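Here is what each chain is made of, one letter per residue.
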Amino acid sequence: MKRKVLLIYTGGTIGMEKDYETGSLRAFDFGNIFQKLPEMRLIECEVSVHPFKKPLDSSDMGPQEWKLIANYIGKNYDNYDGFLILHGTDTMSYTASALSFMLKNLKKPVVLTGSQLPIGDLRTDAKENLLTSLYYASLYENDEAVIQEVTVYFEYKLLRGNRTLKYSAEYFDAYQTPNYPVLGQSGVHLNIEKDFLWRSKSDNGFEVDDYISRDVLFWRIFPGMHLEHLLEMPKMKVLILQVFGSGTIFNSLQTKQILQKLRDRGTEIVVVSQCVSGGVSFGKYSNSNIFTQIDAISGHDMTAESSITKAMHLLDNPKYKGTFAELFARNICGEITVG
Ligand code: ASP
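Residues numbered from 1 in each chain as written. Predicted model: local features only at pLDDT ≥ 70, side-chain atom pairs only at ≥ 80, totals over all residues. Heavy atoms only, no water.

Trainee: Now, about the site of the ligand: what can you tell me, with residues and values included?
Mentor: Close to the ligand lie G12, T13, D57, S58, G88, T89, D90 and S115, which account for all nearby residues. One of the side-chain N or O atoms of D57 is found 2.9 Å from a nitrogen atom in the ligand. A distance of 2.6 Å is found between an oxygen atom of the ligand and a side-chain nitrogen or oxygen belonging to S58. Considering the ligand on its own, with 260 Å² of exposed area, one finds that the protein chains cover 88% of that surface. For the shell around the ligand, the per-class residue count stands at no nonpolar, 6 polar and 2 charged. (Near = heavy atom within 4 Å. Polar contact = N/O pair within 3.5 Å; in protein donor to acceptor, adjacent residues only side chain to side chain. Areas by Shrake-Rupley, 256 points an atom, 1.4 Å probe, with all protein chains shown as cover. Nonpolar A, V, L, I, M, F, W, Y, C, P; charged D, E, K, R; others polar.)

Trainee: Explain the side chain of T89 to me, using residue names and the numbers behind them.
Mentor: Considering the arrangement of structural elements, one finds T89 in the loop between β5 (82-86) and α3 (92-102). If we ignore the near neighbours within four places in the chain, the residues touching T89 are S58, G114, S115, Q116, F154, K166 and Y175. (Helix = DSSP H or I, 4+ residues; strand = E, 2+ residues; numbered from the N terminus. Contact = heavy atoms within 4.5 Å.)

Trainee: Lay out unusual backbone geometry with the relevant residues and their values.
Mentor: Even without being a glycine, N105 presents a positive backbone phi close to 55°. Summarising the element assignment, N105 is placed in the loop between β6 (103-104) and β7 (110-113). Although it is not a glycine, E155 adopts a positive phi angle of roughly 45°. Along the chain, E155 falls in the loop between β10 (150-154) and β11 (157-160).

Trainee: How would you explain the layout of surface pockets if you had to name every residue and give the values?
Mentor: Put simply, the largest pocket is a space of about 620 Å³. Along its surface, the largest pocket is lined by 27 residues, and K104, N105, S200, Y320 and I332 are the ones closest to its centre. Those elements giving two or more residues to the lining of the largest pocket turn out to be α3 and β6. Residue classes in the lining of the largest pocket are distributed as 10 nonpolar, 8 polar and 9 charged. Considering only enclosed or pocket space, the second largest pocket measures out at about 210 Å³ in volume. I8, H50, P51, F52, K53, L56, Q64, E65, L68, I69 and Y72 together form the lining of the second largest pocket. Contributing elements (two or more residues each) for the lining of the second largest pocket: β4 (45-51) and α2 (63-76). The dominant element in the lining of the second largest pocket, judged by the number of residues it contributes, is α2, at 5 residues. Split into classes, the residues belonging to the lining of the second largest pocket amount to 7 nonpolar, 2 polar and 2 charged. (1 Å grid on protein atoms, 1.4 Å probe; cavity = no way out; pocket = protein on both sides within 12 Å on 5 of 7 lines; lining within 4 Å. Points joined across faces, edges and corners; volume = space filled by probe spheres on them.)

Trainee: An account of the sheet that holds strand β15 (residues 190-192) is requested, with residue identities and associated values reported.
Mentor: If you trace the 8 strands from one edge of the open sheet to the other, you get β4-β1-β5-β7-β10-β11-β14-β15, paired in mixed fashion. Two strands close off the open sheet at either side, each with one partner strand: β4 and β15. Neighbour-to-neighbour, the strand axes of this sheet turn through a mean angle of 20°, independent of strand direction. Both β10 and β11 contribute to a ladder of 4 bridges, which runs antiparallel. What sits directly across from V152, in β11, is L159. In the packing of α2 onto the sheet, contacts are made with β1 (3-9), β4, β5 and β7, and the angle to β1 comes to roughly 155°. The strands touched by α3 are β5, β7 and β10; relative to β10, the strand with the most contacts, the crossing angle is about 155°. (Pairing = 2+ DSSP bridges. Axes fitted to C-alpha atoms, helices over the stretch in contact; angles between N-to-C directions.)

Trainee: Give a description of the nonpolar core that names residues and reports values.
Mentor: Grouped together as the largest cluster of nonpolar side chains are 46 residues, with contacts concentrated most on I73, V110 and F324. The element contributing the most residues to this core is α3, with 5 residues. Not counting residues within four places of it along the chain, the set of residues in contact with V110 comprises I73, F83, I85, L103, E149, V150 and T151. (Core = buried A, V, L, I, M, F, W, Y, C linked by side-chain atoms within 4.5 Å. Buried < 20%, exposed > 50% of the residue type's maximum accessible area, 1.4 Å probe, protein only.)

Trainee: Please provide a residue-by-residue account of the sheet that holds strand β17 (residues 216-220), values included.
Mentor: Pairing in this open sheet of 4 strands is parallel, and the strands run β17-β18-β19-β20 from one edge to the other. Of all strands in the sheet, those bounded by a partner on one side alone are β17 and β20 (297-298). Sheet topology note: the strand β18 (residues 238-243)/strand β19 (residues 268-273) ladder contains 6 bridges and is parallel. Paired with V243 across the strands is S273, a residue of β19. Across the face of the sheet, helix α5 (residues 253-264) comes into contact with β18 and β19 while running at roughly 130° to β19. Set on the sheet, helix α7 (residues 304-314) makes contact with β17, β18 and β19; between it and β17 the angle comes to about 155°.

Here it is as structure tokens:
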């Protein structure tokens, strides 16, 4: 049986071609993808293409587009076996993370991919990324989808979406999940690491919850920074502080007073690490004790992208019961290592 995949084209380099006369890049009509890539017809699945009206550079994508994609998947969920989203690489990890929180109890594959070189370029990485993503988006065994979560496929690797970060603007191998194993590798064979795949434990059916708050701020601290500046941002409800190593910050009375002042105003403080591998562990060094004293929330080994979109999704979300701190500490869909 041929599986049906809905391909949503949002923009980015993958949908561009080079004008060899001027040397500049231009978007091509993605509706014609089958002409551009006749190999797509050889894949054992039926592909329907839904292009965004205006292809976007992914730096123009945000909550509005995340909601659009989530709801479009929701509307078409029963009619397709898998979903493939073509996306610019710059903010793909944000979209993948946001979607992982918005698409509840997924039982079908959602794969995001893009490319470093346009599809119309001779040396493009787009073709392999697109064709193998289609394979993963249509992979079923015994009538059950093998992938039941939001993933990113890039340069021979299938990765958990909310664990990814774009770490190279230069190399084809642009994405990593330093705190989670690779879910699948494409080589001579296309393999999949079943033990690492996410499975929802909830008995509830699939549902879209596109709630997103924007009263979240992310701040990287650095040696010599004037923390007082943080007090000048009154509307911020969640402050995500990206601190040193395993959760340390300059240990002074002033640091404590400023962070406590924020807490007294009702600001939630989440702490994540500037290291991309490993994470925050309160209490390991005395320079993290301040965070325990002010009841800050540990982001453990979450990526910046995932902590931001998780906070945006949870803050004042009427569908969740519990305090922000309790909810944030929970592993919702494989984005954090707990326990
Ligand atoms: N600026 C582009 C984007 O993110 C880069 C890319 O697609 O690789 O849309």
